[in-house]
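Geometric and topological summary
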Amino acid sequence: MTYHKSDFHYDLPDERIARYPLPERSAARMLVARVMDADTVELGDRQVRDLPDYLDPADLLVFNNTRVLPARLYGHKASGGKIEILIERLKSPHEASAYIRASKSPQTGSTLHIGNATLRVGDRDDALFTLYSDGAPWQELLAAHGEMPIPPYLERRAQDSDSERYQTVYAKHSGAVAAPTAGLHFDDALLAAIAARGVQRAEITLHVGAGTFQPVRHENLAEHIMHEEWLTVGEDVVDAVAACRARGGRVIAVGTTALRALESAAAGGNLAPYTGDTRLFITPGYRFRVVDALFTNFHLPESTLLMLVSAFAGYDNIRRAYQHAIAHDYRFYSYGDAMFLPKRLY
């Protein structure tokens, strides 16, 4: 079957959008799907803290250990006009790609001012500008003036609490400008319970880009160009997956970013160490090479992430799961509830 963008639309009441996180990370609800056969899925309502009950000691959980940059900046043009900058990627200590919101787009060679720092506008590629910080390096500038880049659909400015809650407890390598949100549910107590069950862990790094929130603009999915994201899958992860397979366990991706990293590293047919960019766009019909189960949040209508989970668990299964979640008052999106999904039967 050929799918189009409109096939992934659903109506979500505004009150189902979680605009703030729960006080306790692992207290979120978890919709557990069990595939009975190729056409039947059984749904159960649990909490994230119950996840260890659904894991086997032979399993392997793969986490994305990227760290979110305080990538949103507010300032003004030389003319005094207000600007908002969202960093997409740091290319070097003094060069970045960024989205710029202003009443009028800045011109190449013009200057922008953030606090006492001056930025120089370089070339433009579609919606992205190249920005140069001729003074302090970007990491220092962001630390001094940046805000956490919480998603636009939260419809609020970042607060001090977002600096901690829009970051996983195991974040290590700075570079993301959006959080790998499935990982936001894991706290130290949950990680300890998973370890006590004997479940193994591995970590990849994929720096989530702001493009994760960009809409699919073409009805024909083949015309969509996926945003580029940098990742690394180390030899230790390849070895951990091989060991999991040897003991009969499941490879479980914590979030769509961990899944895309693993599948990108297996694009040649077999999982292998990989460092570089990916534009992997997963839609129904994709054959998964590495991942057997997925822990993920609920995603926006017509988004590439909803298309990915539909490919993984089955289009009709995801439709039923989302209808169930809406009817049973689940909380949606980055600060919302979670799902635990098996790979669909073919």
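Quick caveat: nothing in here was measured; it's all calculated off a predicted structure.

1. Details of the packing of helix 6 (residues 304-313) against helix 7 (residues 315-327)
Where helix 6 contacts helix 7, the axes come no closer than 6 Å and their chain directions differ by 115°. For the pair formed by helix 6 and helix 7, the contact residues are L306, V309, S310 and A313 on the first element and Y315, N317, I318 and Y322 on the second. In the contact of helix 6 with helix 7, the residues fall into 6 nonpolar, 2 polar and no charged.

2. Quick word on the sheet that holds strand 5 (residues 72-77)
If you walk around this closed barrel you meet the 6 strands as 5-6-7-10-9-8, and the pairing is antiparallel. On average, adjacent strands in this sheet sit at an angle of 45° to one another, irrespective of strand direction. By the bridge criterion, 8 bridges tie strand 6 (residues 82-92) to strand 7 (residues 95-102) in an arrangement that is antiparallel. Residue S92 lies in a different strand from strand 7, and its bridge partner there is E95. Its contacts with the sheet put helix 1 (residues 138-145) on strand 5, strand 6, strand 7, strand 8 (111-114), strand 9 (117-125) and strand 10 (128-133), and the angle it makes with strand 6 is roughly 145°.

3. Quick look at the domain arrangement of the chain
Segmentation of the chain into domains returns domain 1 (5-68 + 163-341) and domain 2 (72-147). Of note, the centres of domain 1 and domain 2, computed from C-alpha atoms alone, are 31 Å apart. Each partner contributes to the roughly 550 Å² buried at the junction of domain 1 and domain 2, and carbon and sulfur atoms together form 42% of this total. For D277, the salt bridge identified is with R89, shortest N-O distance 3.1 Å. Across the contact surface, domain 1 and domain 2 share 3 residue pairs in polar contact (both at pLDDT 80 or more).

4. Focus on the environment of L112
Looking at the element boundaries, L112 is found in strand 8. Distance from L112 to K82, taken between C-alpha atoms, is 9.6 Å for residues 30 residues apart in sequence. When neighbours within four sequence positions are excluded, L112 is seen to be in contact with H76, K77, I83, I85, I100, P106, A117, T118, L119, V121 and L131.

5. Remarks on the packing of aromatic side chains
How two aromatic rings sit relative to each other is given by the distance of their centres and the angle of their planes. Across all of its chains, the model carries 17 aromatic pairs by this definition. Summarising the aromatic geometry, the rings of F63 and F186 are spaced 5.2 Å apart at their centres and angled 85° between planes, so their arrangement reads as edge-to-face. Of this pair, F63 sits in strand 3 (residues 60-64) while F186 sits in the loop between strand 11 (173-176) and helix 3 (188-196), and the two are 123 residues apart along the sequence. Pair check on accessibility: F63 and F186 agree, each one buried. Chaining the aromatic ring pairs together yields one cluster made of Y10, Y153, F298, Y322, Y330, F332 and Y333. The positively charged end of R157 is found above the aromatic ring belonging to Y74, 3.9 Å away from the centroid.

6. As for the nonpolar core
In terms of nonpolar packing, the biggest core is built from 72 residues, with Y166, I204, L259, L262, Y322 and F332 touching the most fellow members. Considering every element that reaches this core, the biggest residue donor is helix 6, with 7 residues. Those residues in contact with I204 that lie beyond four places of it in its chain are V62, F63, N64, N65, T232, V233, V237, T257, A258, A261 and L262. Counting 23 residues, the second largest nonpolar core, distinct from the first, contains I83, I85, V177 and A210.

Criteria and cut-off values
Residues numbered from 1 in each chain as written. Predicted model: local features only at pLDDT ≥ 70, side-chain atom pairs only at ≥ 80, totals over all residues. Heavy atoms only, no water. Axes fitted to C-alpha atoms, helices over the stretch in contact; angles between N-to-C directions. Helix = DSSP H or I, 4+ residues; strand = E, 2+ residues; numbered from the N terminus. Contact = heavy atoms within 4.5 Å. Nonpolar A, V, L, I, M, F, W, Y, C, P; charged D, E, K, R; others polar. Pairing = 2+ DSSP bridges. Domains from an automatic or database assignment. Buried area = accessible area lost by both parts, 1.4 Å probe. Salt bridge = Lys/Arg side-chain N within 4 Å of Asp/Glu carboxyl O. Polar contact = N/O pair within 3.5 Å; in protein donor to acceptor, adjacent residues only side chain to side chain. Phe/Tyr/Trp six-rings, centres within 6.5 Å; stacked < 30°, edge-to-face > 60°. Buried < 20%, exposed > 50% of the residue type's maximum accessible area, 1.4 Å probe, protein only. Lys NZ or Arg CZ within 6 Å of the ring centre and 35° of its normal. Core = buried A, V, L, I, M, F, W, Y, C linked by side-chain atoms within 4.5 Å.

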